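Topology and contacts: notes
The primary structure of each chain is shown beneath.
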Amino acid sequence: MKVNPLQAWLPVPVSAPVDLRWWLTHPGSLTRLLQSHCTHFRVEPVFQALATACTDELDIMNLNRQTRALVREVYLRCDETPVVFAHSIVKREHLQGAWRGLSRLGNRSLGTLLFTNPLIQRAPLAFKKLTPYHPLYEPACKPLQSRPSHFWARRSLFILQYQPILVTEVFLPAIRKL
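The rules behind these values
Residues numbered from 1 in each chain as written. Predicted model: local features only at pLDDT ≥ 70, side-chain atom pairs only at ≥ 80, totals over all residues. Heavy atoms only, no water. Buried < 20%, exposed > 50% of the residue type's maximum accessible area, 1.4 Å probe, protein only. Helix = DSSP H or I, 4+ residues; strand = E, 2+ residues; numbered from the N terminus. Arc of directions from axis to C-beta. Contact = heavy atoms within 4.5 Å. Core = buried A, V, L, I, M, F, W, Y, C linked by side-chain atoms within 4.5 Å. Polar contact = N/O pair within 3.5 Å; in protein donor to acceptor, adjacent residues only side chain to side chain.

A closer look at helix 1 (residues 18–25)
Of all the residues in helix 1, the buried ones are L20, W23 and L24. The buried residues of helix 1 occupy an angular sector of 100 degrees when the element is viewed end-on, so they sit on one face. Here the buried face of helix 1 lies against helix 2 (30–35), strand 5 (126–130), strand 6 (151–160) and strand 7 (163–171).

Spelled out as structure tokens, the structure:
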């Protein structure tokens, strides 16, 4: 299968603005980093259901187009301002294994879970400029008053007991003001 270079996720956010690149490439917990930059941090769940993966998630998650997986989407808010739209996906069968309990996270941070378990391994980050043609663009826009031309996003696999979860974080414009 050939990958369209415009759809590819890159190992470095080459053309991202410098102030945003700092957020994008931070190797630790984004939750902890955000908490250190605001008075009140909150996770706002907006979607969680068995659904189909985005096209650019199929190969990395070893899914086919018809397979439904658990998709969880939240906004991370600093002082009530949405600064990140987070999208995670895990295979349905892994909800009985390594990721059992994931469907009951509610408004708790997935990042806290991922960075407090020493058995979880993280793959390298990948980066992408999301345009209106990407399926995560629209849900990322929902809490915003105006629609930007694009968003920068990063994603990474987290692996527990050989079972991956893919976490994508879309950085909203307000993060540059923190």
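Things to note about the nonpolar core
If you look at the biggest cluster of nonpolar residues, it comprises 22 residues, and the most contacted ones within it are L34, V84, F171 and I175. If you list the elements that add at least two residues to this core, you get helix 1, helix 2, strand 1 (41–52), strand 2 (68–78) and strand 3 (81–91). Excluding residues that lie within four positions of it along the chain, L34 makes contacts with W23, F41, L76, C78, V83, V84, I175 and L178.

Some remarks on the side chain of R154
With respect to the helices and strands, R154 occurs in strand 6. In terms of polar contacts, R154 uses its side chain to reach the backbone carbonyl oxygen of H26, at 2.8 Å. A distance of 2.5 Å separates a polar atom in the side chain of R154 from a polar atom in the side chain of E169.

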